[in-house]
Amino acid sequence: MRVIAGRAGGARLTVPKTGVRPTMDRVKAAIFSSLGDAVIGGRVLDLFAGSGALGIEALSRGAAAALFVDQDRQSVSAIEQNLAKTGLQARVQRADVFDFLRRFSSEKFHIIFADPPYEKTKSGEAYTKLLLENESLVRLLEPDGIFVLEKCPSERLPENELWRVIRSKTYGATEVLFLRPASK
């Protein structure tokens, strides 16, 4: 896996050995093509960050700041190594994403990425449903912000009053949703 474009373009990224399904380069390229200039100068939140590939790509392409959140120790270590390799600066927080969303409220973000595991949570619920029903997530997004959610294409999108899908595209085993708050 590598950074595709920008200041750190071409840099190879470290990927944790377990618990990560890396976003393919063609999917990452499509996401950033769709985001266009929205990345430049924006603040990015990368949830279920894994190797940090999406947030690092955003920083490389001109995002002003990024915060990476993942509960896995190996993932946090990989993100820190990848930031050092690319010479990019960002904050990394080791935390359960849903605990983080419950207690974090000190800033808003222009772009929020979430690439949760495709399997269900320990309680049996789908990550997509839990994210789309999370009111704290909506509050963390700037009024003109975009929530980019990756999910399994076979997973049905639950009915939802908090978000509206502005774009959806399937790339093999990944469906990428671009969402805005429904009230905007």
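Because the structure is predicted, anything quoted here is derived from the model rather than measured.

Attention now moves to the side chain of Ser60. Within the secondary structure, Ser60 is located in helix α2 (residues 53–60). Note on Ser60: relative accessible area 3%, which makes it buried. Not counting residues up to four positions away in its chain, the partners in contact with Ser60 are Val3, Ala5, Gly6, Arg7, Ala8, Gly9 and Leu88.

Taken together, seven strands build an open sheet; the order of strands is β3-β2-β1-β4-β5-β7-β6 and the sheet is mixed. Sheet topology places β3 (91–94) and β6 (163–171) at the edges, where each strand pairs with a single neighbour. Each adjacent strand pair in this sheet contributes to an overall mean axis angle of 15°, direction not counted. As paired strands, strand β1 (residues 43–47) and strand β4 (residues 109–114) are joined by four bridges and run parallel to one another. Residue pairing across strands places Asp46 opposite Phe113, the latter belonging to β4. Of the strands in this sheet, β2 (65–70) and β3 are in contact with helix α3 (residues 73–86), which crosses β3 at around 170°.

With that settled, the discussion passes to the pairing of β6. Taken together, the eight bridges between β6 and strand β7 (residues 174–181) define a ladder with antiparallel strand orientation. In the strand pairing of β7, Lys169 is matched with Val176. Between β6 and β7, which follow one another and run antiparallel, lie two residues, and Gly172 among them has a positive phi close to 60°.

The final tally for this structure, using the stated rule, is seven aromatic pairs. Taken together, a centroid distance of 6.3 Å and an interplanar angle of 20° make the contact between Phe98 and Tyr127 stacked. Pair noted here: Phe98 is in helix α4 (residues 97–103) and Tyr127 is in helix α5 (residues 127–132), with a separation of 29 residues, a long-range link. Look at Tyr127 and you get buried, because its relative accessible area is 17%. Arranged with centres 4.9 Å apart and planes meeting at 45°, the rings of Phe147 and Trp163 form a pair that is tilted. Remark: Trp163 occurs in strand β6 and Phe147 occurs in strand β5 (residues 141–151); sequence separation between them is 16 residues.

Reading the values: the criteria
- Residues numbered from 1 in each chain as written.
- Predicted model: local features only at pLDDT ≥ 70, side-chain atom pairs only at ≥ 80, totals over all residues.
- Heavy atoms only, no water.
- Helix = DSSP H or I, 4+ residues; strand = E, 2+ residues; numbered from the N terminus.
- Buried < 20%, exposed > 50% of the residue type's maximum accessible area, 1.4 Å probe, protein only.
- Contact = heavy atoms within 4.5 Å.
- Pairing = 2+ DSSP bridges.
- Axes fitted to C-alpha atoms, helices over the stretch in contact; angles between N-to-C directions.
- Phe/Tyr/Trp six-rings, centres within 6.5 Å; stacked < 30°, edge-to-face > 60°.

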